[in-house]
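This is what each chain is made of:
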Amino acid sequence: MNAIIDKAIIFLFCCILYIQSGFNPYIIIPVLLSIIFSSIFTITNNKAVQIITFITYVVLCIFTKDFIYFMPLLCYDIFSTKNYYLVLIAILPYGANFNSLNLNFQMYIPILTVIACLMKYRDTFEEKSRKEYINFRDSSKELSLKLEQKNKDLMEKQDYEINIATLNERNRIAREIHDNVGHLLSSSILQLGALMSTCNDTTLVNNLKTLKQTLSEGMDSIRNSIHNIHDEYIDLNNDINTIISKFTFCDISLNYNIKINPSKKYKICFISIIKEALSNVIKHSNATKVEITLREHPALYQLIIKDNGNKINEETSDGIGVKNMIHRINSLNGVININTDNGYSIFISLPK
């Protein structure tokens, strides 16, 4: 838009100079041709065409002085092509018609040409500054988004580590209760049983029986609490990595993409299936690479275990291990598919 305004201003001054030069019956021809030649620069980005157009106009100016009044407009256009040396060619028609020009025009035309070039230089500088500003703004926005993502990842990692530390502490407390309180209660229950077997007082035996039942209920409650704490302690990602670290038969990779820790039944299912699948690789496959992918989707979990082995044992597909996998998946209303093309692959989907 700035370029159009600048060209309109330059064209207006060129017309003023041209009109003041005197009457000419063909006055409209230089005006129209200058507009046509200038428009060529606007509609094409081909530098060769632009250069030829400018040189053609310079030739017209040499032979017809009426065209020289619009030379500032063409100099503005050629300056935009960054072929600044071509502006010097404009001196040729000016020198060729110097004596035939009015004294004032000898000064005004060069000044207007210089002003036109400076205006184009200003527009070019502003456009460059605007693009640099946009690039800087986009880079800053991109950097800000990256920093936000890194901060989010750090917070998630911190929450994960805090959760693991909490679960470890709960597991330690569960072990302490099991090893100390549980053993004391078990010993008390056994001692009560011994007292009941040697006591002849019926009333005392009934009281001891009630006390033993109470202690047994307390023992069962502690045992259930310990089991619940232990089951919740299971960290799926950490346990899978532990299994993988012990697998030395061939190369193995894990793609774990689960944000929210699944419930106990899913974690036990995934761990059991991965153990069984890796055991089958060792027993029945000549694979050199195993890939494990565990993804979380909005409505389901997906587990893929794939190896590149070409030695397929029939027992692998019909064995007890595979049947146990199928039974586990069916019990959770999931889907399991086994493919033996290009290796051995297990595809499992479990609804949330």
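You'll find the structure just up there.
Note that the structure is a prediction, hence the values are computed from the model and not measured.

About the thresholds
What you see as residue numbers is a count from 1 along each chain, following the sequence as written. Totals for whole chains, interfaces and linings use all residues, but because this is a predicted model, local features are given only for residues with pLDDT of at least 70 and pairs of side-chain atoms are given and counted only at 80 or more. Each side-chain value is worked out from all heavy atoms of the structure, with water and hydrogens disregarded. In this description a helix means any DSSP run of H or I spanning at least four residues, a strand means any run of E spanning at least two, and both kinds are numbered starting from the N terminus. Burial classes follow relative accessibility: with a 1.4 Å probe on protein chains only, a residue under 20% of its type's maximum area counts as buried, one over 50% as exposed, and anything between as partly exposed. Any two residues whose heavy atoms approach within 4.5 Å are treated as being in contact. A 1.4 Å probe and the Shrake-Rupley method give the accessible areas. Residues count as covered only by the protein chains that appear here. One bridge is not enough; two strands pair if DSSP finds at least two bridges between them. Here, axes are lines fitted to C-alpha atoms. For helices the fit covers the stretch in contact, and angles between N-to-C directions go from 0 to 180 degrees. When describing relative orientation, an angle under 35 degrees is termed roughly parallel and one over 145 degrees roughly antiparallel, while 65 to 115 degrees is termed roughly perpendicular and anything else oblique. For any pair of crossing helices, the crossing counts as left-handed if the nearer helix is rotated counterclockwise from the farther one by less than a right angle, and right-handed if it is rotated clockwise. Side-chain classes are defined by residue name, with Ala, Val, Leu, Ile, Met, Phe, Trp, Tyr, Cys and Pro counting as nonpolar, Asp, Glu, Lys and Arg as charged, and the others, Gly among them, as polar.

## Here we look at the overall build of the protein chain
Per the secondary structure count, the protein chain includes 11 helices and five strands. Here the protein chain holds 352 residues, and 34% of them are scored as buried. A separation threshold of at least 6 residues defines the contact pool for the protein chain, and within that pool the share at least 24 residues apart is 68%. For the protein chain, the computed accessible surface area is about 21,900 Å², with 59% contributed by carbon and sulfur atoms.

## Some remarks on the sheet that holds strand S4 (residues 335-339)
Pairing is mixed across the open sheet formed by five strands, whose spatial order is S1-S2-S3-S5-S4. Whereas interior strands pair on both sides, the edge strands pair on one side only; in this sheet they are strand S1 (251-257) and S4. Within this sheet the neighbouring strands show an average axis-to-axis angle of 5°, counted without direction. Relative to strand S3 (residues 300-307), strand S2 (residues 289-296) runs antiparallel, the two being bridged by seven bridges.

## Let's talk about the pairing of S3
The hairpin turn running from S2 into S3, its antiparallel successor, is three residues long. Bridge count between S3 and strand S5 (residues 344-351): eight bridges; the pairing is antiparallel. What sits directly across from Gln 302, in S5, is Ser 349.

## Re the packing of helix H9 (residues 264-284) against helix H11 (residues 320-331)
Relative to each other, H9 and H11 sit at 160°, their axes nearing to 10 Å. By the angle between their directions, the pair H9 and H11 is classed as roughly antiparallel. Of the two elements, H9 crosses H11, and the hand of that crossing is left-handed. The residues of H11 that touch H9, namely those facing Ile 268, Cys 269, Ser 272, Ile 273, Glu 276, Ala 277 and Asn 280, are Gly 321, Val 322, Met 325, Arg 328 and Ile 329. Of the residues that constitute the contact of H9 with H11, the class distribution is seven nonpolar, three polar and two charged.

Limitation: the analysis is restricted to geometry and does not speak to function.
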